[in-house]
Amino acid sequence: MTPGLRGIARVSLRGLLALLALLGVLMLAWLASNVVDDRDQPVPAALALPPNPPGSPLFFAVQGLLAPPGEAPEAVGRREWLQAAATGRGPDAGQRPRPIEGLPLDCRAPQDCAQLLAASLPQLGRQLAPAALLGQRCAAALAGDLRYEEHLPARLHAASPLPAYSGAVQCALWLSGQAVLAASRDDRDAAVRRLREGRQLAEALLVGCRMLVCEMVAVRMMELQFQGLGAVALLRPAWSADLIALLPPLPPQALAPGEWLKTEHALMRGSLDDLMAECGGGLATMLLGVPSRALDLAGHWACQGRIGLLPQATRRAMDERWLRVMASAGPGLDAALDHAIAQRQSGLAAPRGLAWRNTLGMALVGVLEGAPYDEYFARQADAELHRQALRTVLAVQLQRVPPAERATWLDRQDLPARLRGRLAWVDEGARLQVRPWLAELNAGHPRAAAYRLAVPL
């Protein structure tokens, strides 16, 4: 080897040794930052769940609405759910046969669902025919105490059983369809009664739900009631005064995300505890989304030694994130939604890189909280937006506002500016176009598409 090459080799060796030394120092510094955990801290008061209620009769009746013929819905629901909630396992009542499925009743925007219902009376009758028992049970449940109070599982985590909500949605479909059929028979009292019951049932869940999935089910039920009301208005424009009376503002509790946020936090915290307790070999695959045996093995050993996965620091980080979400929702749903939109537009909601301290723990928190909770704020707000839009088209019909004057008329109404900007007259004033709040957060979501409500003629 020539002297020049030996010099280059010595320099390269020194550089390599210096790099290895630097990596060693960094590794030691990382280890020093990732072996000492935080002190144990209780769940912050703002996130603490209230005492678990025993469950109301309506809650248990909803669990058993799809029970086999000859069974008492409330008794079946009470027996099955209390067993499932206590043991963490039990019969899945949500898998029982649903008598009502598909169009025209089970319709979603941006399709003109009210128009479809009003134009599909023969199909609607055939669709409701197999649901006679369901209808009897729905009517019986609504004749009693309308307080919906969820009883939660003894422990919340990823594998917790969920209450059965299919029966509630089936009731909403049945009530909406029966209202439309009553309108086709010119039976005003029956149509108004079924629409009122649909509103009462959906509102009971909106107010009484404690789980996010329940809240979203209730939003869907309210949407079905609005679709049925819109179809009745198209069939019987002369009833508009009676129908608009069925559209008062939703109660404040129906638009408050605080309760389901606390429950979701408890569910995520329970899931986190399970993952840290199991410390399985698939940890790296779960975090990275790419199968890697070597990384899984390294993650397993790091997890077992609590190196880079500090339980108390991880819980504290999760609590701090949820406290920020709760703070944004504290002033109300509008404030929570505006905050979420501002974060999306500024890019602050973008995922972050790996943390130096508690690296695996912070990555776990990010995976568990990957759900876009701000989109659920939007879906709650869209229920109120739909109500306001429906009131608008009925008011225009009642006041006989000419199509050419409807935009000016709408500007004079006592609507918040943030809401007015989501409504626009199209088709020469014949229809009101509604742009959902969800479009501000996820324009590609199927529920984010604008829909149109026709003015009854």
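For the structure, check the block above.
Treat the numbers as computed from the prediction; the structure is a model and nothing was measured.

### Describing the layout of surface pockets
Next, step 1: When its volume is computed, the second largest pocket comes out at roughly 410 Å³.
Next, step 2: Along the walls of the second largest pocket sit 26 residues, with Ala109, Glu223, Gln227, His386 and Tyr451 positioned nearest its centre.
Next, step 3: Of all the secondary-structure elements, those providing two or more residues to the lining of the second largest pocket are helix H4 (113-118), helix H9 (212-235), helix H17 (373-398) and strand S3 (451-454).
Next, step 4: Counting residues per element, the lining of the second largest pocket draws most heavily on H9, which supplies seven residues.

### Here's the deal with the nonpolar core
Next, step 1: Tyr148, Leu205 and Leu243 are the most contacted members of the largest nonpolar core, which totals 119 residues.
Next, step 2: Ranked by residue count, the leading element in this core is H9, at 14 residues.
Next, step 3: Setting aside chain neighbours within four positions, we find Leu243 in contact with Leu195, Leu229, Val232, Ala233 and Leu394.

### Here we look at the packing of aromatic side chains
Two descriptors summarise a pair of aromatic rings, namely the distance from one centre to the other and the angle between the planes of the rings.
Next, step 1: Across all of its chains, the model carries eight aromatic pairs by this definition.
Next, step 2: Centroid distance Phe59 to Tyr148: 5.5 Å. Interplanar angle 75°. Geometry classified as edge-to-face. Of this pair, Phe59 sits in helix H2 (residues 57-63) while Tyr148 sits in the loop between helix H6 (132-142) and helix H7 (166-184), and the two are 89 residues apart along the sequence.
Next, step 3: In this structure Tyr148 comes out as buried when scored by relative accessible area, which is 4%.
Next, step 4: Ring pairing ties together the aromatic residues Trp260, Trp322, Tyr373, Tyr376 and Phe377, which thus form one cluster.
Next, step 5: Taking NZ or CZ as reference, Arg406 lies 5.7 Å from the ring centre of Trp425, over its face.
Next, step 6: When the ring centre of Trp437 is taken as reference, the NZ or CZ atom of Arg422 above it lies at 4.2 Å.

### Overview of the sheet that holds strand S2 (residues 431-434)
Next, step 1: Read from one edge of the open sheet, three strands run S1-S2-S3, paired in antiparallel fashion. This sheet does not close on itself; its edge strands, each paired only once, are strand S1 (423-426) and S3. Across this sheet, the average inter-strand angle for adjacent strands is 30°, counted without regard to direction.
Next, step 2: Direction of pairing for S1 relative to S2: antiparallel, over a ladder of four bridges. Residue pairing for S2: Leu423 is matched across the bridge by Val434.

### Digging into helix H3 (residues 73-87)
Count 3.6 residues to each turn of an α-helix, and residues three or four apart come out pointing the same way.
Next, step 1: For H3, which comprises 15 residues, the first-to-last C-alpha distance of 21 Å matches the rise-based estimate of 21 Å (1.5 Å per residue) to within 8%.
Next, step 2: Every buried residue of H3 is accounted for by Pro73, Val76, Gly77, Glu80, Trp81, Ala84 and Ala85. Buried residues of H3, seen end-on, are gathered within an arc of 135° and therefore sit on one face of the element.
Next, step 3: Where the residues of H3 are buried, they touch H2 and H6.

### Focus: H9
Next, step 1: Its 24 residues give H9 an end-to-end C-alpha distance of 35 Å, which sits within 8% of 34 Å, the value for a rise of 1.5 Å per residue.
Next, step 2: Most of H9 is tucked away: 21 of the 24 residues are buried.

### Some words on the pattern of salt bridges
Next, step 1: Under the counting rule described, the total for this entry stands at 25 salt bridges.
Next, step 2: A salt bridge links Arg194 to Glu197; its shortest N-O distance comes to 2.8 Å. Taken together, the positions of Arg194 and Glu197, both in helix H8 (residues 188-208) and three residues apart, correspond to about one turn of that helix.
Next, step 3: On the basis of relative accessibility, which here comes to 18%, the residue Arg194 falls in the buried class.
Next, step 4: As a salt-bridge pair, Glu203 and Arg199 come within 2.8 Å of each other at their nearest N and O atoms.

### Some details on unusual backbone geometry
Next, step 1: A cis geometry characterises the amide bond from Leu103 onward to Pro104, with omega recorded as 10°.
Next, step 2: Structurally, Pro104 is set in the loop between H3 and H4.
Next, step 3: Looking along the chain, the bond that leaves Ala109 and enters Pro110 is cis, with omega of 10°.
Next, step 4: For Asp186, which is not a glycine, the phi torsion comes out positive at approximately 65°.
Next, step 5: Mapping Asp186 onto the fold places it in the loop between H7 and H8.
Next, step 6: Classification of Asp186 as partly exposed rests on a relative accessible area of 47%.
Next, step 7: Look at Glu428: it is not a glycine, yet its phi comes out positive at around 60°.

### Focus: the side chain of Ser240
Next, step 1: Within the secondary structure layout, Ser240 lies in helix H10 (residues 240-244).
Next, step 2: Given the relative accessible area of 0%, Ser240 is considered buried.
Next, step 3: Among residues more than four places away in sequence, those in contact with Ser240 are Leu394, Gln397 and Leu398.

### Comments concerning the state of the cysteines
Next, step 1: Counted by the stated rule, this structure contains three disulfides.
Next, step 2: Across the disulfide, Cys107 is cross-linked to Cys113 (sulfur-sulfur distance 2.0 Å). With the S-S bond torsion at -80°, the cross-link from Cys107 to Cys113 turns out left-handed. Taken individually, Cys107 and Cys113 each receive the classification buried, so the pair is uniform in this respect.

Cut-offs and rules
- Residues numbered from 1 in each chain as written.
- Predicted model: local features only at pLDDT ≥ 70, side-chain atom pairs only at ≥ 80, totals over all residues.
- Heavy atoms only, no water.
- 1 Å grid on protein atoms, 1.4 Å probe; cavity = no way out; pocket = protein on both sides within 12 Å on 5 of 7 lines; lining within 4 Å.
- Points joined across faces, edges and corners; volume = space filled by probe spheres on them.
- Helix = DSSP H or I, 4+ residues; strand = E, 2+ residues; numbered from the N terminus.
- Core = buried A, V, L, I, M, F, W, Y, C linked by side-chain atoms within 4.5 Å.
- Buried < 20%, exposed > 50% of the residue type's maximum accessible area, 1.4 Å probe, protein only.
- Contact = heavy atoms within 4.5 Å.
- Phe/Tyr/Trp six-rings, centres within 6.5 Å; stacked < 30°, edge-to-face > 60°.
- Lys NZ or Arg CZ within 6 Å of the ring centre and 35° of its normal.
- Pairing = 2+ DSSP bridges.
- Axes fitted to C-alpha atoms, helices over the stretch in contact; angles between N-to-C directions.
- Expected span 1.5 Å × (residues − 1).
- Arc of directions from axis to C-beta.
- Salt bridge = Lys/Arg side-chain N within 4 Å of Asp/Glu carboxyl O.
- Disulfide = S-S within 2.5 Å.

Nothing here speaks to function; it is geometry throughout.
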